[in-house]
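# What the coordinates show
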Amino acid sequence: MRPPADAIGTLALIVGAIAFLIFVGVEGALVYAIWRYRASRHVEEAATFEQNRRLEIAWTAAPALILVVVFVLTLGAMAEINGAGVAPAMRIAAAGHQWWWEFSYGGTKTANELHIPIDTPIDLELASVDVIHSFWVPELGPKMDLLPRTTNRLRLFARRAGSYDGQCAEFCGVEHAWMRIRVVAQPQAEFDAWLAAQGSPAATQGGDGERVFLSNICVSCHTIRGTSAAGTAGPDLTHVAARATIGAGVLPNDVARMRSWLADPQRYKPGSLMPRVPLSDADLDTLSAYLGSLR
Ligand code: CUA
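Just so you know, these numbers come straight off a predicted model, no measurement behind them.

What counts, and where the lines are drawn
Residues numbered from 1 in each chain as written. Predicted model: local features only at pLDDT ≥ 70, side-chain atom pairs only at ≥ 80, totals over all residues. Heavy atoms only, no water. Helix = DSSP H or I, 4+ residues; strand = E, 2+ residues; numbered from the N terminus. Rg over C-alpha atoms; globule rule 2.2 N^0.38 Å. Buried < 20%, exposed > 50% of the residue type's maximum accessible area, 1.4 Å probe, protein only. Contact = heavy atoms within 4.5 Å. Areas by Shrake-Rupley, 256 points an atom, 1.4 Å probe, with all protein chains shown as cover. Axes fitted to C-alpha atoms, helices over the stretch in contact; angles between N-to-C directions. Parallel < 35°, antiparallel > 145°, perpendicular 65-115°, else oblique. Left-handed = near helix turned anticlockwise from the far one by under 90°. Nonpolar A, V, L, I, M, F, W, Y, C, P; charged D, E, K, R; others polar. Pairing = 2+ DSSP bridges.

### Here we look at the overall build of the protein chain
The helix and strand inventory of the protein chain stands at eight helices and twelve strands. Taking 2.2 N^0.38 as the reference for a compact globule, 295 residues should give roughly 19 Å; the C-alpha atoms of the protein chain span a radius of gyration of 28 Å, well beyond that estimate. For the protein chain, the spread of C-alpha atoms along the three principal axes comes to 100 × 40 × 35 Å. Counting the 295 residues in the protein chain, one finds 38% classified as buried. Put simply, of all contacts in the protein chain between residues at least 6 apart along the chain, 62% involve residues at least 24 apart. In the structure as shown, the protein chain presents an accessible area of about 15900 Å², 62% of it carried by carbon and sulfur atoms.

Structure representation (structure tokens):
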């Protein structure tokens with residue numbers, strides 16, 4: 001199969017070509033009529049028509065035929081976009097939250113950064129835990145809404161390895177703009193290694209940073225597999241350092257920015273559920289270094 005965006009592109013080209021031909025035909029007829037019946041020619045023949053049945057049938061039938069052709073082509077493109085006839089090689093669950101994305105590969109959860117293997121038909125199973133969101137990565141395919149209590153399906157297929165940027169496309173509250181998506185398409189072996197790493201428990205265990213994390217309210221909302229932290233309201237942080245951004249795109253992810261984020265999340269993402277946790281400077285240092293080690 002080919003990427004759904006290619007099917008949309010082909011359809012747009014065909015419809016554009018039809019529209020161009022109609023434009024040329026109509027404008028050509030107009031220019032011809034202006035020239036043929038211009039005042040300076042003083043033609044005696046009448047420049048009006050009455051009751052030309054064949055012409056009327058033609059200009060009713062031609063647009064109807066064109067619409068039927070476009071309709072049939074559109075049905076074909078829609079079926080292709082939905083992956084008709086091609087079984088998905090993999091299913092990934094995507095949950096929309098105000099304002100971040102959760103991606104589940106079986107029991108392995110990650111956030112905001114969706115990894116997929118290239119040349120592989122993937123079905124995303126989309127649902128929302130709160131309000132309506134919309135998953136949209138323009139280079140890969142169409143938009144699909146995430147609704148509460150319903151699962152929508154979106155076929156993804158990436159031909160080239162690389163990073164594709166997307167965005168929540170349905171207004172979902174004050175931080176709608178900071179609900180970015182990054183899709184990382186990788187060769188199968190690279191993807192398998194990534195998934196195996198994501199599925200493993202936290203890389204570092206038992207240190208000071210972990211103690212700071214576990215003794216504060218972080219644990220009520222976040223999971224770090226391999227520790228006792230098992231909250232589900234916020235993103236799974238088991239491999240948070242492997243992601244490119246903090247807060248669904250609001251900051252690049254490094255230890256210094258993580259420290260700024262932890263010191264005052266509401267400064268960067270006002271309205272988000274992530275509260276400002278009162279921590280000493282030393283605890284902030286330790287905690288950001290710990291999260292930075294969770295690759
Ligand atoms: Cu989620 Cu806009």
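Next, the rest of the story.
### Some thoughts on the environment of A7
Note on placement: A7 falls in helix α1 (residues 4-36). Remark: the alpha-carbon pair of A7 and E175, spanning 168 residues in sequence, is separated by 32 Å. Leave out the neighbours within four places in its chain, and A7 touches R2, A77, E80 and I81.

### Re the packing of helix α6 (residues 255-263) against helix α8 (residues 281-292)
Relative orientation of the contacting elements α6 and α8 amounts to 130°, with a least axis distance of 9 Å. As the angle between them shows, α6 and α8 are arranged oblique. Taken as a pair, α6 and α8 cross one another with a handedness that is right-handed. When α6 is examined against α8, the residues V255, M258, R259, L262 and A263 are found in contact with a partner set consisting of D281, L284, D285, L287, S288, A289, L291 and G292. Partitioning the contact of α6 with α8 into residue classes produces eight nonpolar, two polar and three charged.

### Examining the pairing of strand β2 (residues 100-105)
Judged by how many residues are buried, β2 sits mostly within the fold: six of six residues are covered. Side chains W100, E102 and S104 project from β2 onto one buried face, and the interleaved W101, F103 and Y105 project onto a second face that is buried too. Sheet topology places strand β1 (residues 90-97) next to β2; five bridges connect them, and they run antiparallel. Bridging from a neighbouring strand, A95 pairs with E102 of β2. In this structure, the hairpin formed by β1 and β2 is closed by a connection of two residues. Pairing of β2 with strand β3 (residues 108-111) involves four bridges; the strand directions are antiparallel. Counterpart to Y105 in the pairing with β3 is T108.

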